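Residue-level listing of the chains:
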Amino acid sequence: MFRNNYDNDSVTFSPQGRIFQVEYAQEAVKQGSVVVGLVSKTHVVLTALKRNAEELSSYQKKVVGVDDHLGVALAGLASDARVLSNFMKQQSLASKLSYGRPIPIERIVNMIGDRAQTSTQHYGKRPYGVGLLVAGVDDLGPHLFEFSPSGMTQEMLACAIGARSQMARTYLERHLDKFADCSRDELIKHGLLALKESLAQDKELTVDNTSLAVIGLAEKDGRKKLEKFKLFDGQDVGPLLEANVETSGGGEGDAMETDS
Amino acid sequence: MNHYPQAWGRPRDDVYGAYDHSYLQSAQPKTHTQSPAVTGTSVLGVKFKDGVVIAADNLASYGSLARFTDVKRIRTFPPNTVVGFGGDVSDMQYLDRLLQSLDIRENYLSSTDHVLNAKNLHTYLSKIMYRRRSDFNPLWNMLLVAGLDDEDKPFLASADLLGTTFSSPTLATGFGAHLAQPLLRRLMPNDEASVKDVTQEQAINAVKECMKVLFYRDARSMDKYSIAVITKDGVDLKEDEKLENQSWAFADQIRGYGTQVN
């Protein structure tokens, strides 16, 4: 029944030097629907493909705003992501209350990294079954970090995680050198196109299944000013999809079908 | 049977003896520091167009005794902030240790150069002060925090033992609030709007002049002082300055206290 003897807990190495529970947790990330993130010199964009469990249910939440300057996109167990994002909200608020400073992105990413690492080293604990793309803007500019259940965190120029994310990553690799100098709108376009690459053959991006979030630095009176976290969800993504992604005609038609 | 309901359910006095209340309560309520012990007097701060000047003398008094004459009451916080402390010296040393550990923590946590500016530090210190007064155990200090804010503009603000905060282009704590602040305000006829017209030299001269006035009239002051100038380029802290060009000619005109009672 068991794949082997070394996967019952996360404190035991296999003879090959692997910790299977952590690897299984990383499998859970691959089961989640795809999320994409990318940065330019001025903005960071997250896009996500939402699934609905059944026709009657709503679509899952894939992008969570943590603070004005910080947001995460998740792939994997949504409830684990809620625990992590709540923790991030607390830490972010604590930094604002005690120092009047938005928490540096690297700092908060290290915090969740440390948290996730402890559950890979204690008997009876389970690693988080979720991968995150953490996007934010701080004094040093826009940042994108990848967080994985092992507790590993990395700063990325562009990243995609979740089911079928390899196609999105291929797109990102192909266009990587353009991202740095992209405008806000161009970056959104690349985000949506990368997401589209990873869709199954018969699927397309719609207002129902697409989430998009932007954070950036806007120029105002010669000074850099934070462009706050903005989530485009539901009808709000409509204009962005129309402007950036070709959809197979008849946008109005499928909104409501009537008997004829 | 005892018919008083307040006696029900409790050990009977006739069996166990009267209850000894001293087990329940100590004789006195818990008290904390109700007054400062070794104190520093005024701290002065003035903004100018590119930064802030801050000064305090080097004296720590024990009551009216000039106990320690080489106490540095102006402390720096990297990279570009200065805190001036009035009030209790041991509480100042405690706050200084807090700031040092905060600095170490900040440097440890980030590989890159995220810094706490003067504004961040003032927020932090004011929270500490308010927390301690809410514990009925205040840190007996008046602080001035000087430096630059997140837009590199001059920043000067105060926090006191009650956690009250105040900000103004010129600030003074303790005796200086009465003696020096009115003089310093002459530099800033239009408050914040005047800051851009004040040069570094003007600000330094005004502060030095006020330190002199304070030495003339504040019996807990001294003629040795520290002065720091904070600009974008960094902190220039001098800790062993001496008041110059003193003139005590006015002194024999003074009547009403001291040796000349009338």
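Reading the values: rules and limits
Each chain carries its own residue numbering, running from 1 in the direction its sequence is written. In the order they appear in the text, chains get letters beginning with A and ligands get numbers beginning with 1. Two thresholds apply to this predicted model, a pLDDT of at least 70 for residue-level local features and 80 or more for giving and counting side-chain atom pairs, whereas whole-chain, interface and lining totals are computed over all residues. Note that water and hydrogens are dropped before the side-chain values are worked out from all heavy atoms of the structure. Counting from the N terminus, the helices are the DSSP runs of H or I reaching at least four residues and the strands are the DSSP runs of E reaching at least two. All radius of gyration figures rest on C-alpha atoms, and the globule criterion is 2.2 Å times the number of residues raised to 0.38. Under the scheme applied here, a residue whose accessible area is under 20% of the maximum for its type counts as buried, over 50% as exposed, and between as partly exposed, the area being computed with a 1.4 Å probe on protein chains only. Whether two residues touch is decided by their heavy atoms; if any such pair falls within 4.5 Å, the residues are in contact. Residues counted as positive are Lys and Arg, residues counted as negative are Asp and Glu, and His and the chain ends are not counted. Charge placement uses NZ in Lys and CZ in Arg. For Asp and Glu, CG and CD serve respectively. Each accessible area is a Shrake-Rupley result for a 1.4 Å probe, and residues are judged covered by the shown protein chains and nothing else. Put simply, two rings from Phe, Tyr or Trp (the six-membered ring, in Trp's case) pair if the centres are within 6.5 Å, and we call them stacked under 30 degrees between planes, edge-to-face over 60, tilted for the rest. The definitions used throughout rest on a 1 Å grid laid over the protein atoms alone, on which a cavity is an enclosed set of points accommodating a 1.4 Å probe that cannot get out and a pocket is an open set flanked by protein within 12 Å on both sides along at least five of seven lines; lining residues are those having an atom within 4 Å of a point. Grid points are joined across faces, edges and corners, and a volume is the space filled by probe spheres set on the points. Throughout, the ten residues Ala, Val, Leu, Ile, Met, Phe, Trp, Tyr, Cys and Pro are labelled nonpolar, Asp, Glu, Lys and Arg are labelled charged, and all others, Gly among them, are labelled polar. Pairs of strands are assigned from DSSP output, requiring at least two bridges between the strands. The pLDDT score gives, residue by residue, the confidence of the prediction method on a 0 to 100 scale. Patch membership requires over 30% relative accessible area and the absence of a salt bridge. Like charges are linked within 9 Å, and nonpolar side chains (Val, Leu, Ile, Met, Phe, Trp, Tyr) within 5 Å. Definition used for salt bridges: Asp or Glu carboxyl oxygen within 4 Å of a side-chain nitrogen of Lys or Arg. Between N-to-C directions, angles span 0 to 180 degrees; the directions come from axes that are lines fitted to C-alpha atoms, helices contributing only their stretch in contact. Between 65 and 115 degrees an angle is taken as roughly perpendicular, under 35 as roughly parallel, over 145 as roughly antiparallel, and anywhere else as oblique. Note on terms: buried area is the combined drop in 1.4 Å-probe accessible area of two parts once they are placed together, counting the loss on both.

- By the naming in an unreviewed UniProt entry, chain B goes by Proteasome subunit beta type-7 and is assigned to Neophaeococcomyces mojaviensis.

- Under the annotation held in an unreviewed UniProt entry, chain A carries the name Proteasome subunit alpha type-6 and is attributed to Neophaeococcomyces mojaviensis.

1. Focus on the overall build of chain A
Part 1: For chain A, the helix and strand inventory stands at six helices and ten strands.
Part 2: Over its C-alpha trace chain A gives a radius of gyration of 19 Å, about what one expects of a compact globule, namely 18 Å for 260 residues.
Part 3: Based on the C-alpha atoms only, the size of chain A along its principal axes is roughly 60 × 55 × 35 Å.
Part 4: By the burial criterion, 47% of the 260 residues in chain A qualify as buried.
Part 5: Put simply, of all contacts in chain A between residues at least 6 apart along the chain, 63% involve residues at least 24 apart.
Part 6: Within chain A, one finds 30 positive and 35 negative side-chain charges whose respective centroids are separated by 6 Å.

2. Let's talk about the overall build of chain B
Part 1: When you go through chain B residue by residue, the secondary structure sums to six helices and 13 strands.
Part 2: Taking 2.2 N^0.38 as the reference for a compact globule, 262 residues should give roughly 18 Å; the C-alpha atoms of chain B span a radius of gyration of 25 Å, well beyond that estimate.
Part 3: Counting only C-alpha atoms and orienting by the principal axes, one finds that chain B spans roughly 90 × 65 × 35 Å.
Part 4: Of all 262 residues assigned to chain B, the portion counted as buried reaches 45%.
Part 5: Sequence separation of at least 24 residues holds for 63% of the intrachain contacts in chain B that already meet a minimum separation of 6.
Part 6: Here chain B has roughly 15100 Å² of accessible surface; of this, 51% comes from carbon and sulfur atoms.

3. What about the packing of aromatic side chains?
Part 1: Enumeration over the complete set of coordinates arrives at six aromatic pairs over all chains.
Part 2: Plain terms: the ring middles of Phe20 of chain A and Tyr24 of chain A are 6.1 Å apart, the flat faces sit at 25° to each other, and that makes the pair stacked. Here Tyr24 of chain A and Phe20 of chain A lie together in helix α1 (residues 20–31), a separation of four residues that amounts to about one turn.
Part 3: Residue classification places Phe20 of chain A among the buried residues on the basis of a relative accessible area of 4%.
Part 4: Geometrically, the ring pair formed by Tyr99 of chain A and Tyr124 of chain B is stacked, given 5.3 Å between the ring centres and 20° between the ring planes. Residue Tyr99 of chain A is found in helix α2 (residues 78–99), and its partner Tyr124 of chain B is found in helix α3 (residues 118–134); the two belong to separate chains.

4. Re empty space enclosed by the protein
Residues and elements named next belong to chain B.
Part 1: Within this structure, the stated rule accounts for one cavity of 30 Å³ or more.
Part 2: What lines the largest cavity is Thr41, Ser42, Asp57, Met211, Leu214, Phe215, Ser221 and Met222.
Part 3: The biggest single contributor to the lining of the largest cavity is helix α6 (residues 200–217), with three residues.
Part 4: Broken down by class, the residue content of the lining of the largest cavity amounts to four nonpolar, three polar and one charged.

5. Brief notes about the pairing of strand β10 (residues 223–232) of chain A
All names here are of chain A.
Part 1: In terms of strand pairing, strand β9 (residues 210–220) meets β10 through eight bridges, oriented antiparallel. Bridging across to β10, Ala213 finds its partner in Leu231.
Part 2: Counting the residues that bridge the hairpin from β9 to β10 gives two residues, and of these Asp221 lies at a positive phi of roughly 50°.

6. Digging into the confidence of the model for chain B
Residue and element names in this part refer to chain B.
Part 1: Averaged over every residue, the pLDDT of chain B is 92; residues scoring 70 or more account for 96%.
Part 2: Mean pLDDT per element in chain B: helix α1 (residues 13–16) is the minimum at 87, and strand β9 (residues 154–159) is the maximum at 98.
Part 3: With pTM at 0.86, the complex prediction returns an ipTM value of 0.85.

7. Some remarks on a nonpolar patch on the surface
Part 1: A cluster of nonpolar side chains, contributed by Tyr19, Tyr23 and Leu24 of chain B, occupies part of the molecular surface with about 430 Å² of accessible area.
Part 2: Looking at the element boundaries, Tyr23 of chain B is found in the loop between α1 and β1 (38–40).

8. Topic: the environment of Gln26 of chain A
Residues and elements named next belong to chain A.
Part 1: Within the element layout of this structure, Gln26 appears in helix α1.
Part 2: For the pair Gln26 and Lys62, spaced 36 residues apart in sequence, the C-alpha to C-alpha distance is 17 Å.
Part 3: Look past the residues within four positions of Gln26 in its chain and what remains in contact with it is Ser148, Pro149 and Ser150.

9. Side note on the packing of α2 of chain A against α3 of chain B
Part 1: At their nearest, the axes of α2 of chain A and α3 of chain B sit 6 Å apart, and the two run at 85° to each other. Accordingly, the angle class assigned to the pair α2 of chain A and α3 of chain B is roughly perpendicular. Across the interface between the two elements, Leu97, Ser98 and Tyr99 of chain A of α2 of chain A pack against Asn120, Thr123, Tyr124 and Lys127 of chain B of α3 of chain B.
Part 2: Of the residues contributing to the contact of α2 of chain A with α3 of chain B, the split by class is three nonpolar, three polar and one charged.

10. Some points on the interface of chain B and chain A
Part 1: Contacts between the two partners involve 17 residues from chain B, matched on the other side by twelve residues from chain A.
Part 2: With both sides pooled, the region where chain B packs onto chain A buries about 1300 Å², and carbon together with sulfur makes up 44% of that total.
Part 3: Of all residues in chain B, Leu109, His114 and Asn120 of chain B bury the most surface against chain A, accounting for 37% of the area lost on that side.
Part 4: The shortest N-O distance in the salt bridge between Glu106 of chain B and Arg107 of chain A comes to 3.2 Å.

11. A look at the layout of surface pockets
Part 1: The volume enclosed by the largest pocket comes to roughly 1200 Å³.
Part 2: Around the largest pocket sit 38 residues that line it, and Asp139 and Lys224 of chain A together with Asn117, Asp150 and Glu151 of chain B are the ones nearest its centre.
Part 3: Elements that contribute at least two residues to the lining of the largest pocket include exactly α2, β5 (130–138), β9 and β10 of chain A together with α3 of chain B.
Part 4: Along the lines of polarity and charge, the residues of the lining of the largest pocket split into twelve nonpolar, nine polar and 17 charged.

12. What about the side chain of His190 of chain A?
Part 1: Positionally, His190 of chain A belongs in helix α5 (residues 184–197).
Part 2: His190 of chain A has contacts with Leu38, Tyr171, His175, Phe179 and Cys182 of chain A, leaving out every residue within four places of it along the chain.

13. Describing the sheet that holds strand β4 (residues 70–76) of chain A
Residues and elements named next belong to chain A.
Part 1: Taken together, the five strands give an open sheet; going across it, the order is β3-β4-β5-β6-β7, and neighbouring strands pair in antiparallel fashion. In the strand order of this sheet, the two ends are held by β3 (63–67) and β7 (153–155), each with one partner. Between one strand axis and the next, the sheet turns through 25° on average, direction left out of account.
Part 2: Pairing between β4 and β5: seven bridges, direction antiparallel. Residue pairing in the sheet places Gly71 in a bridge with Ala135 of β5.
Part 3: Across the sheet, α2 is in contact with β3, β4, β5 and β6 (141–147); its angle to β3 comes to roughly 20°.
Part 4: Packing against the sheet, helix α3 (residues 105–118) makes contact with β4, β5, β6 and β7, and its axis sits at approximately 160° to β5.

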